[in-house]
Amino acid sequence: MIDTSIEFCGVKMKNPITVASGTFGSGMEYSDFVDLNRLGAVTTKGVAITPWEGNATPRVAEVYGGMLNAIGLQNPGIDTFVSRDLPFLEKYDTKVIVNVCGHSEEEYVSCVERLAECDNVDLLEINVSCPNVKEGGIAFGTDPKCLNNITKMIKAKAKQPVIMKLSPNVTDIAEMARAAVDGGADGLSLINTLTGMKIDINRRAFLLANKTGGMSGPAIHPIAVRMVYQVAQAVDVPILAMGGVSTAEDAIEFIMAGATAVAVGTANFANPHATIDVIEGIEAFMDQQGIKSLDEIRGCVK
């Protein structure tokens, strides 16, 4: 018998697999292809206190080893999310992780306060790659003091456990992890996308209207594994790892590096069944290796 269940920030999940925010809608969009009951959790698209239109198009570009996106966190806002998406997810036997975004401390806190009223939300994932408009557009997640402060503010209002989502676009990921944990973070997720650019040489123009976008996909996986390992060595909180997961091997790498849970992201666009393939692959690996619990291999590389 094998046991794929995990506990993340006190929340029991049937297996360690969820989806990366922004790659799966809020579950409804993939429910015709994936049995959501099979997932350890569904992580929603970013939700803000008010609707966001997102960036101008084109917003997505295929590149070697992955994709660039500059969606701009387009979302319908908290009111629509609470009235439409959460009731849909209630029908399934899976945990719900809500990704929260904002342009100011007040926007984050207002959204978190609304979600505190929702009993069907299990965990909050806070996207700190958003630009802090009050500080000239610097992302919350690229300045340790800013990250520490926003974490404290959110923890003071949150009912659910708080996962701070770290940006890889920093000099020292461990420093950022410590800043978030010192601010009260219950868990961490990483990595978010890496900033990249693609030029169309025939049009002599940028492929994205935004010029730059977030790089995701298999090409960033080794970078993500390294950062997850560094963070696991630096802090003692559960880690939700993501970055280029396409196979069970990719997910198991993250677990061996110290992650508790793993999110499948860009792979969902090419293979809507990717999450189930990864879950079944983990089960097969555990059976072949005689592993009864994922605790046996978590953080086994030093």
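That block above? That's the structure.
Let me begin by describing the structure that accompanies this report. (Residues numbered from 1 in each chain as written. Predicted model: local features only at pLDDT ≥ 70, side-chain atom pairs only at ≥ 80, totals over all residues. Heavy atoms only, no water.)

1. Some points on the sheet that holds strand E4 (residues 41-43)
Here is step 1: Sheet architecture is open: eight strands sit in the order E3-E16-E15-E10-E9-E8-E7-E4, paired in parallel fashion. Edge strands, defined here as strands with exactly one partner in the open sheet, are strand E3 (17-19) and E4. Strand-to-strand twist of the sheet, defined as the mean angle between neighbouring strand axes without regard to direction, takes the value 25°.
Here is step 2: Note that strand E7 (residues 95-100) and strand E8 (residues 123-127) share four bridges and pair parallel. What sits directly across from Val-100, in E8, is Ile-126.
Here is step 3: Contacting strand E10 (187-190) and strand E15 (239-242), helix H5 (residues 221-234) runs over the sheet at an angle of about 170° to E15. (Pairing = 2+ DSSP bridges. Helix = DSSP H or I, 4+ residues; strand = E, 2+ residues; numbered from the N terminus. Axes fitted to C-alpha atoms, helices over the stretch in contact; angles between N-to-C directions. Contact = heavy atoms within 4.5 Å.)

2. Some details on the layout of surface pockets
Here is step 1: There is about 1,000 Å³ of room inside the largest pocket.
Here is step 2: Contributing to the lining of the largest pocket are 50 residues, with Asn-69, Leu-73, Asn-192, Thr-193 and Gly-214 lying nearest its centre.
Here is step 3: Those elements that place two or more of their residues in the lining of the largest pocket are strand E6 (66-69), strand E14 (212-216) and helix H7 (267-270).
Here is step 4: Broken down by element, the lining of the largest pocket gets its largest block of residues, five residues, from E14.
Here is step 5: By residue class, the composition of the lining of the largest pocket is 20 nonpolar, 28 polar and two charged. (1 Å grid on protein atoms, 1.4 Å probe; cavity = no way out; pocket = protein on both sides within 12 Å on 5 of 7 lines; lining within 4 Å. Points joined across faces, edges and corners; volume = space filled by probe spheres on them. Nonpolar A, V, L, I, M, F, W, Y, C, P; charged D, E, K, R; others polar.)

3. Some thoughts on the environment of Ala-180
Here is step 1: You can see Ala-180 is positioned in helix H4 (residues 173-182).
Here is step 2: Each C-alpha atom, one on Ala-180 and one on Lys-152, is 8.5 Å from the other, the two residues being 28 residues apart in sequence.
Here is step 3: In this structure Ala-180 touches Leu-147, Thr-151, Met-164, Ala-185 and Leu-188, once residues within four positions along its chain are discounted.

4. What about the packing of helix H6 (residues 248-257) against helix H8 (residues 274-289)?
Here is step 1: Close contact between H6 and H8 brings their axes to 8 Å; oriented N to C, the two are set at 65°. One element, H6, and the other, H8, form an angle in the roughly perpendicular class. Of the two elements, H6 crosses H8, and the hand of that crossing is right-handed. Of the residues in H8, those touching H6 at Ala-248, Ala-251, Ile-252 and Met-256 are Val-278, Gly-281, Ile-282 and Phe-285.
Here is step 2: Residue classes in the contact of H6 with H8 are distributed as seven nonpolar, one polar and no charged. (Parallel < 35°, antiparallel > 145°, perpendicular 65-115°, else oblique. Left-handed = near helix turned anticlockwise from the far one by under 90°.)

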